[in-house]
Amino acid sequence: MRNATPIYSEPPVGQIVIAGNWKMYKTQAEALEFLKGFLGQLSETPEDREVVLCVPFTALSILSKNLHGGRIKIGAQNIHWETEGAYTGEISGAMLTELGCRYVVVGHSERRQYFGETDETVNKRLKAAQAAGLTPILCVGETKEQRDRNETEAVIAGQITADLAGIDQQNLVIAYEPIWAIGTGDTCEAAEANRVIGLIRSQLSNPNVSIQYGGSVKPANVDEIMAQPEIDGALVGGASLTPDSFARIVNFQ
Ligand code: 13P
C-alpha cells in the first residue's frame, strides 16, 4: 500500500546531512534486511543529523512503509523535469513524493558520464525536484585529468553556475564528489575537500546550504572529514551498503 498523501519535504533540519547512495544495489528484500541491521544503531545519533538513504526506485516503497515515520529520510537517485509524458524509463516528482521520498540525487557523475546528463538537464531536474517539494542533492566534481591540468576550480565553478541558474538555494544540498575519488578507495585529502567546498560556498547566494563531501567515505576516514569546518555532511556509496559501516559513518565522532 502506498502513502495516500505525499509527504512534502522541508529543508533539512540541521546543517548536517549524511546520505547513503545505494546506486544500483539492493532488491526490496535486501533493503529490508539492511534496515533490520541499521535502525537499532541510530538510538544515539544526534537529532541535528539528517540521515538519508537514496535507494533504487524499486526499494522506495518498502523502505517508506518500514521506517515508521522514524529517523531516516528516503531519497531517489533521479527525477525527470516534466510532470508526466511520453518519457520511457523516466520518473516524475509526484511519483517519488507519493512514496514518501524527501530527497533526490541530481547530476551524479555516473549519470553525467554514462547517461549523457548535462548541466542543462541537471538544472531542469533540480527545478523539477524543488517544484515537487523534494530537496535535491546536486553532485559536482572534477575528473582526474581535469585536476591534473589544474582545472578543478574552473570546472566546479562552471558546474555550480550552470546547474544552479534560477534554483532556490533555501531547499538544496550540494555534494562535492571528485570523480577520481568515487569507488576507488582514493579519498580526497580532508583539507583539500574542505578547500574546494569553501570555494563552492563562496559562489552561493545562501552560504548556509549544506555541502557534503563524497568519494570513498568510510568508517576509518569519516571523523577526519567531518571535522573540517566547511564540510557539512557526506554522500556515501559503497560504505552505505552495510548496516554497521553506514551506522558508524552516521554516528561520526
Ligand atoms: P563511494 O563512497 O563508493 O566512493 O561512492 C561515492 C558516491 O558516488 C556517492 O554518491
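Conventions and cut-offs
- Residues numbered from 1 in each chain as written.
- Predicted model: local features only at pLDDT ≥ 70, side-chain atom pairs only at ≥ 80, totals over all residues.
- Heavy atoms only, no water.
- Helix = DSSP H or I, 4+ residues; strand = E, 2+ residues; numbered from the N terminus.
- Rg over C-alpha atoms; globule rule 2.2 N^0.38 Å.
- Buried < 20%, exposed > 50% of the residue type's maximum accessible area, 1.4 Å probe, protein only.
- Contact = heavy atoms within 4.5 Å.
- Polar contact = N/O pair within 3.5 Å; in protein donor to acceptor, adjacent residues only side chain to side chain.
- Disulfide = S-S within 2.5 Å.
- Near = heavy atom within 4 Å.
- Areas by Shrake-Rupley, 256 points an atom, 1.4 Å probe, with all protein chains shown as cover.
- Nonpolar A, V, L, I, M, F, W, Y, C, P; charged D, E, K, R; others polar.
- pLDDT = per-residue confidence, 0-100.
- Pairing = 2+ DSSP bridges.
- Axes fitted to C-alpha atoms, helices over the stretch in contact; angles between N-to-C directions.

Q: Would you explain the overall build of the chain in this entry?
A: A count of helical and extended segments in the chain gives 10 helices and 8 strands. The C-alpha radius of gyration of the chain comes to 17 Å, within 12% of the 18 Å expected for a compact globule of 253 residues. In terms of overall dimensions, the chain has C-alpha extents of about 50 × 45 × 30 Å along its principal axes. Within the span of the chain, comprising 253 residues, buried residues form 56% of the whole.

Q: For this particular structure, what's the right way to read the environment of Glu90?
A: By secondary structure assignment, the location of Glu90 is in the loop between strand E3 (72-76) and helix H3 (93-97). On the basis of relative accessibility, which here comes to 31%, the residue Glu90 falls in the partly exposed class. Along the chain, Glu90 and Glu177 lie 87 residues apart, while their C-alpha atoms are 24 Å from each other. Ignoring anything within four residues of it in the chain, the contact list for Glu90 reads Asn78, His80 and Arg125. There is a polar contact of 2.9 Å between the side chain of Glu90 and the side chain of Arg125.

Q: Is there a simple way to think about the state of the cysteines in this case?
A: As used here, a disulfide is simply a covalent bond connecting the sulfur atoms of two cysteines. What the rule picks out here adds up to 0 disulfides. With no disulfide of its own, Cys139 lies 8.8 Å from the sulfur of Cys54, the closest cysteine sulfur. When its relative accessible area of 2% is taken as the criterion, Cys139 is described as buried. Cys139 supplies the cysteine sulfur nearest to Cys188, a cysteine that is in no disulfide, at a spacing of 15 Å. Its relative accessible area of 3% is what places Cys188 among the buried residues.

Q: Looking at this structure, how should I read the site of the ligand?
A: Close contacts around the ligand come from 13 residues, with Lys23, His108, Gly183, Ser216 and Gly238 the closest. Asn21 places a polar side-chain atom, nitrogen or oxygen, 3.0 Å from an oxygen atom of the ligand. In isolation the ligand offers 310 Å² of accessible surface; the protein chains occlude 96% of this area. Grouping the amino acids of the shell around the ligand by side-chain chemistry returns 4 nonpolar, 7 polar and 2 charged.

Q: Would you explain the confidence of the model for the chain in this entry?
A: Do not read the predicted coordinates in detail wherever pLDDT is low. Per-residue confidence for the chain gives a mean pLDDT of 93; residues scoring 70 or more make up 94%. Within the model, the stretch residues 1-9 combines pLDDT values under 50 with 21 contacts to residues more than four positions away or in other chains.

Q: Would you mind showing me how to read the sheet that holds strand E5 (residues 135-140) here?
A: Neighbouring strands of a sheet are bound in pairs by backbone hydrogen bonds; such pairs are parallel or else antiparallel. Pairing is parallel around the closed barrel formed by 8 strands, whose spatial order is E1-E2-E3-E4-E5-E6-E7-E8. Strand-to-strand twist of the sheet, defined as the mean angle between neighbouring strand axes without regard to direction, takes the value 25°. When strand E7 (residues 210-214) meets strand E8 (residues 233-236), the two strands line up parallel, connected through 3 bridges. Along E8, the bridge assignment pairs Tyr213 with Ala234. The sheet contacts of helix H7 (residues 152-163) involve E5 and strand E6 (173-176), and relative to E5 the element is tilted by about 150°.

Q: Mind showing me how you'd approach the pairing of E5 here?
A: When a strand is regular, its side chains alternate between the sheet's two faces. Counting buried positions over the 6 residues of E5 gives 6, a clear majority of the element. As judged from the 4 bridges shared by strand E4 (residues 101-106) and E5, these two strands associate in the parallel manner. Residue Val104 lies in a different strand from E5, and its bridge partner there is Pro136. Bridging between E5 and E6 involves 4 bridges; their strand directions are parallel. When the bridges of E6 are listed, Leu138 appears paired with Ile174.

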